[in-house]
Protein chains: 2
Amino acid sequence: MSTDTKQKILDVAEQLFAEHGFAGTSLRHIITDAGVNLAAVHYHFRSKESLLEAVIIRRTAPLNEERLALLDKVEREAERSAASVEEILLAFLGPPIRLILNPSGEGRIFGKLMGRLHSETNLCFLEIAKKHFDVVSQRFHAALVRAVPDLPVDDLNWRVHFAIGAMAHTLSFWDRLEVVSHGKLKTGDPETLIPRLVGFIAAGFRAPVVARQATGHLKKKAAVERRR
Amino acid sequence: MSTDTKQKILDVAEQLFAEHGFAGTSLRHIITDAGVNLAAVHYHFRSKESLLEAVIIRRTAPLNEERLALLDKVEREAERSAASVEEILLAFLGPPIRLILNPSGEGRIFGKLMGRLHSETNLCFLEIAKKHFDVVSQRFHAALVRAVPDLPVDDLNWRVHFAIGAMAHTLSFWDRLEVVSHGKLKTGDPETLIPRLVGFIAAGFRAPVVARQATGHLKKKAAVERRR
DNA sequence: GTCTATAACGGGATAGAC
DNA sequence: GTCTATCCCGTTATAGAC
């Protein structure tokens, strides 16, 4: 059946793109694992690149809808006061992390692909990301500005940047904590992953701002280090 | 001359691997940009994969030496008390960030490659990382355990994980803050990047620990925050 | 050490029968 | 919608002259 073939291709492509990257995955590898014909790929999706985009939006579309819905809810409930950083982060980070931790296994590998979405520097990835994340990005950015109004905008932007990195890395490697703990430790309870990540980032957002001139001692320190 | 050709290949390979990834970069692309012969690559480095490793260790070897030296110094100075989180983070994050911000331009693109080092899930990348980062990883992990002795080890490991993500992403995209700030804002002063990143992560390390039983009730936690 | 030439293979895409 | 067959190009790697 048609939809069956299409689904199969999407599923396998998602798996292989996540595992080997876009350039590292050949259509022939995909069709072999999916047990379909090469021409079918070009029939249903017209090119390798379009296939990638289809793989991505299949999951990010509902994901981003959920994020925006949660943000709406949080902002509605906050009413007169602004929503807290934790609530905003929860609306942003909860959906993708629940997706990858979902025991059904549906979205498990997608996290790795999404992590790549953020670390691929070249190609279509960036355009795709821009295309599908722009609205979400703007809404959440605005919400954060309201949540920490005293934070200079430069600092806010850097902290968002750091937060994205922590999130992307977690989505990619939530199952590989052993690497970081030099092989001695287990992955840890996935149940607590969301509050752990939210707590870490929220604390980062509330960190004291590095004063323009107060960086002096750090800089001086670095300069001293450099002289060694 | 021999060393000239070799250097040229290393330089161009670093650039292209960083930009397009390993699988996305062909040797022919490299030799074209480098203006050398294809056979030269196989003569000086015996394969594409070995070339990648050569590119990586050329910069990571001195980098990791510097990290360890800084850590030694910090721990020596701390003597009876443990080194602070900030000092440890500075020893770990300072060297690579100074490298990418170095106005000489020597190591600018290497950050992007190093960022990939942490987000490539497949191939030789992992082996290479393991091979060259294991000692560093263990030393810093131990130092952090001493710096935050009250933090449960599970939490510590997750936070290290988040920190690596923030670092890797920053190394890759320190020059692309606009993406995160929906295109409206400039990159921000690179001079302050190190204290900003260190401050963010250090605050994350000092965040309150998520209590075992309190995790299920995010709503309650969020409600408490709202009352602030 | 550096070149040319070529081996040996895998890649994405398409035409056209069914 | 699905298949086979094929085009045409790019890939890594090597052999052997200079």
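For the structure, check the block above.
Computed from a prediction, not measured in an experiment: that's the story for all the values here.

Chemist: Would you mind showing me how to read the overall build of chain A here?
Modeler: Each helix and strand counted, chain A has 11 helices and zero strands in total. Beginning at the N terminus, the succession of helices and strands in chain A can be written as α-α-α-α-α-α-α-α-α-α-α. Put simply, chain A has 228 residues, and 53% of those count as buried. Roughly 10400 Å² of accessible area belongs to chain A as shown, and the carbon and sulfur atoms make up 55% of that amount.

Chemist: Can you walk me through the nonpolar core in this structure?
Modeler: Ranked by size, the top nonpolar core spans 140 residues in total, and within it Leu 51 and Phe 205 of chain A together with Leu 51 and Phe 205 of chain B carry the most contacts. Here the element with the most residues in this core is helix α4 (residues 48–78) of chain B; it accounts for 11 residues. Filtering out sequence-adjacent residues up to four positions away, Phe 205 of chain A remains in contact with Val 85, Leu 89, Leu 144, Leu 151, Leu 156, Arg 159, Val 160 and Ala 163 of chain A together with Phe 200 of chain B.

Chemist: When you look at the protein's contact with DNA strand D in this model, what are you seeing that I'm missing?
Modeler: Near DNA strand D lie 15 residues; those nearest to it are Asn 37 and His 44 of chain A together with Ser 26, Leu 27 and Arg 28 of chain B. If you look at DNA strand D and keep only atoms within 4 Å of the protein, 56% of those are sugar or phosphate atoms. His 44 of chain A places a polar side-chain atom, nitrogen or oxygen, 2.8 Å from a phosphate oxygen of DNA strand D. When contributions to the surface near DNA strand D are tallied by element, the ones reaching two or more residues are α1 (2–20) and α3 (38–44) of chain A together with α2 (27–34) and α3 (38–44) of chain B. For the surface near DNA strand D, the residue count by class is five nonpolar, eight polar and two charged.

Chemist: For this particular structure, what's the right way to read the protein's contact with DNA strand C?
Modeler: Ser 26, Leu 27 and Arg 28 of chain A together with Asn 37 and His 44 of chain B are the nearest of the 15 residues found near DNA strand C. Across the atoms of DNA strand C situated within 4 Å of the protein, the share located in sugar and phosphate is 56%. Side-chain polar atom of His 44 of chain B to a phosphate oxygen of DNA strand C: 2.9 Å apart, as the coordinates give it. Secondary-structure elements contributing two or more residues to the surface near DNA strand C are α2 (27–34) and α3 of chain A together with α1 (2–20) and α3 of chain B.

Chemist: Please explain the packing of aromatic side chains as it appears in this structure.
Modeler: Two aromatic rings, taken as a pair, are described by how far apart their centres are and by the angle between their planes. This model, assessed by the stated rule, comprises 11 aromatic pairs over all chains. When the ring of Phe 205 of chain A is compared with that of Phe 200 of chain B, the centres are 6.3 Å apart and the planes differ by 75°; the resulting orientation is edge-to-face. One end of the pair, Phe 205 of chain A, is in helix α10 (residues 193–205); the other, Phe 200 of chain B, is in helix α10 (residues 193–205), on a second chain. You can call Phe 205 of chain A buried: its relative accessible area is 3%. Judged by relative accessible area, which is 1%, Phe 200 of chain B ranks as buried. Ring pairing ties together the aromatic residues Trp 158, Phe 162, Phe 200 and Phe 205 of chain A together with Trp 158, Phe 162, Phe 200 and Phe 205 of chain B, which thus form one cluster. The positively charged end of Lys 6 of chain B is found above the aromatic ring belonging to Phe 45 of chain B, 6.0 Å away from the centroid.

Chemist: Could you clarify how one ought to interpret the packing of helix α8 (residues 153–173) of chain A against α10 of chain B in this entry?
Modeler: The angle between the axes and the distance between the axes are what describe a pair of packed helices. Two elements in contact, α8 of chain A and α10 of chain B, have axes separated by 10 Å at closest approach and are oriented at 60°. The angle between α8 of chain A and α10 of chain B places the two elements in the oblique class. Relative to α10 of chain B, α8 of chain A is oriented so that their crossing is right-handed. Contact residues: Asp 154, Asp 155, Trp 158, Arg 159, Phe 162 and Ala 163 of chain A in α8 of chain A; Leu 193, Arg 196, Leu 197 and Phe 200 of chain B in α10 of chain B. Split into classes, the residues belonging to the contact of α8 of chain A with α10 of chain B amount to six nonpolar, no polar and four charged.

Chemist: Honestly, the environment of Gly 94 of chain B in this entry has me stumped. Any pointers?
Modeler: All names here are of chain B. Note on placement: Gly 94 falls in helix α5 (residues 85–101). Sequence separation between Gly 94 and Arg 67 is 27 residues, and the spatial gap between their C-alpha atoms is 8.1 Å. Other than its neighbours up to four places away in sequence, Gly 94 contacts Leu 89 and Ile 194.

About the criteria used
- Residues numbered from 1 in each chain as written.
- Chains lettered and ligands numbered in written order.
- Predicted model: local features only at pLDDT ≥ 70, side-chain atom pairs only at ≥ 80, totals over all residues.
- Heavy atoms only, no water.
- Helix = DSSP H or I, 4+ residues; strand = E, 2+ residues; numbered from the N terminus.
- Buried < 20%, exposed > 50% of the residue type's maximum accessible area, 1.4 Å probe, protein only.
- Areas by Shrake-Rupley, 256 points an atom, 1.4 Å probe, with all protein chains shown as cover.
- Core = buried A, V, L, I, M, F, W, Y, C linked by side-chain atoms within 4.5 Å.
- Contact = heavy atoms within 4.5 Å.
- Near = heavy atom within 4 Å.
- Polar contact = N/O pair within 3.5 Å; in protein donor to acceptor, adjacent residues only side chain to side chain.
- Nonpolar A, V, L, I, M, F, W, Y, C, P; charged D, E, K, R; others polar.
- Phe/Tyr/Trp six-rings, centres within 6.5 Å; stacked < 30°, edge-to-face > 60°.
- Lys NZ or Arg CZ within 6 Å of the ring centre and 35° of its normal.
- Axes fitted to C-alpha atoms, helices over the stretch in contact; angles between N-to-C directions.
- Parallel < 35°, antiparallel > 145°, perpendicular 65-115°, else oblique.
- Left-handed = near helix turned anticlockwise from the far one by under 90°.

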